[in-house]
Amino acid sequence: MATQVTANPARGSSFVQLAIALQTLTIFIQAISAGLLLTSSYGETLHSVGARVMYGASMLYVLAAVLAWKPGGGSPRPIWHASGFLVLASAQVVLGIAHVPSVHLPLGVLMFGLSVLALARR
C-alpha cells in the first residue's frame, strides 16, 4: 500500500512569514544605519553591511516563497511578490553604489511600506 506524503502548509507559510519579518526588520535597520551614515564615522560600514544582509533577506524571501509553493502546488503569486522585492532590493543596491539619494531614499521607504504590508497580509 502506497502512502501519500503531503507538505505541512502551516510550516511553509510560517517560513514565508519569518522571511518577510526578517526582510522588514533589515529594511528598518537600514533606515537607522542611513541616519548613522550622516552622523558618524562608522555609519557607512554599518549601512554597507546592512545592505548585504537586507539583500540576503530578500533572497531568503524568494526561497521561502518557492519552498512554500512547490510542495502544495498553490498559487505562485507569493513568488512574484518575493521576486518583486528582490528586484527592488537590486535597484536599491545599484542606486546606493551610484550615490543617487534622490531615488535611493524614497525607494527604501517604499520597500519598507510594502514589506510591512506583506507581513500584515500573511
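So, here is what we can say about the structure in this document. (Residues numbered from 1 in each chain as written. Predicted model: local features only at pLDDT ≥ 70, side-chain atom pairs only at ≥ 80, totals over all residues. Heavy atoms only, no water.)

### Focus: the nonpolar core
Counting residues in each nonpolar core, the largest one holds 11 residues, listed as Val16, Ala19, Ile20, Tyr61, Val62, Ala64, Ala65, Ile79, Ala82, Phe85 and Ala118. At the level of secondary structure, the elements contributing two or more residues to this core comprise α1 (9–39), α2 (43–72) and α3 (77–97). The element contributing the most residues to this core is α2, with 4 residues. The residues touching Ala19, leaving out its near neighbours within four places in the chain, are Leu60, Tyr61 and Ala64. Formed by 6 residues, the second largest nonpolar core is a distinct cluster that contains Ile27, Met54, Ala89 and Leu95. (Core = buried A, V, L, I, M, F, W, Y, C linked by side-chain atoms within 4.5 Å. Buried < 20%, exposed > 50% of the residue type's maximum accessible area, 1.4 Å probe, protein only. Helix = DSSP H or I, 4+ residues; strand = E, 2+ residues; numbered from the N terminus. Contact = heavy atoms within 4.5 Å.)

### Things to note about the packing of α3 against helix α4 (residues 101–121)
Where α3 contacts α4, the axes come no closer than 10 Å and their chain directions differ by 160°. Between α3 and α4, the angle falls in the class roughly antiparallel. Between α3 and α4 the crossing geometry is left-handed. Between α3 and α4, the contacting residues are His81, Phe85, Leu88, Ala89, Ala91, Gln92, Leu95 and Gly96 on the first element and Val103, His104, Leu107, Gly108, Met111, Leu114, Ser115, Ala118 and Arg121 on the second. Taken together, the residues that form the contact of α3 with α4 break down as 10 nonpolar, 6 polar and 1 charged. (Axes fitted to C-alpha atoms, helices over the stretch in contact; angles between N-to-C directions. Parallel < 35°, antiparallel > 145°, perpendicular 65-115°, else oblique. Left-handed = near helix turned anticlockwise from the far one by under 90°. Nonpolar A, V, L, I, M, F, W, Y, C, P; charged D, E, K, R; others polar.)

### What about the side chain of Ser115?
Of note, Ser115 is situated in helix α4. Note on Ser115: relative accessible area 0%, which makes it buried.

### Looking at a nonpolar patch on the surface
A cluster of nonpolar side chains, namely Leu22, Leu25, Phe28, Ile29 and Ile32, defines an oily patch on the protein surface of about 430 Å² accessible area. For Phe28, the position within the fold is in helix α1. (Patch = residues over 30% accessible without salt bridge, like charges linked within 9 Å, V, L, I, M, F, W, Y side chains within 5 Å. Areas by Shrake-Rupley, 256 points an atom, 1.4 Å probe, with all protein chains shown as cover. Salt bridge = Lys/Arg side-chain N within 4 Å of Asp/Glu carboxyl O.)

### A few points about the environment of Val93
Looking at the secondary structure, you find Val93 in helix α3. Looking at Val93, the relative accessible area reads 29%, which means it is partly exposed. Residues Val93 and Ser48 lie 45 residues apart in sequence; the distance between their C-alpha atoms is 9.5 Å.

### Thoughts on the layout of surface pockets
Approximately 900 Å³ is the volume found for the largest pocket. Lining of the largest pocket is provided by 28 residues; of these, Gln30, Leu37, His47, Gly96 and His104 occupy positions nearest its centre. Elements supplying a minimum of two residues to the lining of the largest pocket: α1, α2, α3 and α4. At 8 residues, α1 tops the list of elements feeding residues into the lining of the largest pocket. Of the residues belonging to the lining of the largest pocket, the class tally is 17 nonpolar, 9 polar and 2 charged. (1 Å grid on protein atoms, 1.4 Å probe; cavity = no way out; pocket = protein on both sides within 12 Å on 5 of 7 lines; lining within 4 Å. Points joined across faces, edges and corners; volume = space filled by probe spheres on them.)

### What about α3?
Side chains of residues three or four places apart in an α-helix project in the same direction, reflecting 3.6 residues per turn. Helix length check: α3, at 21 residues, gives a terminal C-alpha distance of 31 Å against a target of 30 Å (1.5 Å per residue), a fit within 8%. When α3 is considered as a whole, its buried residues turn out to be Ile79, Ala82, Phe85, Ala89, Gln92 and Leu95. His99 sits one or two residues past α3 and shows a positive phi near 55°. (Expected span 1.5 Å × (residues − 1).)

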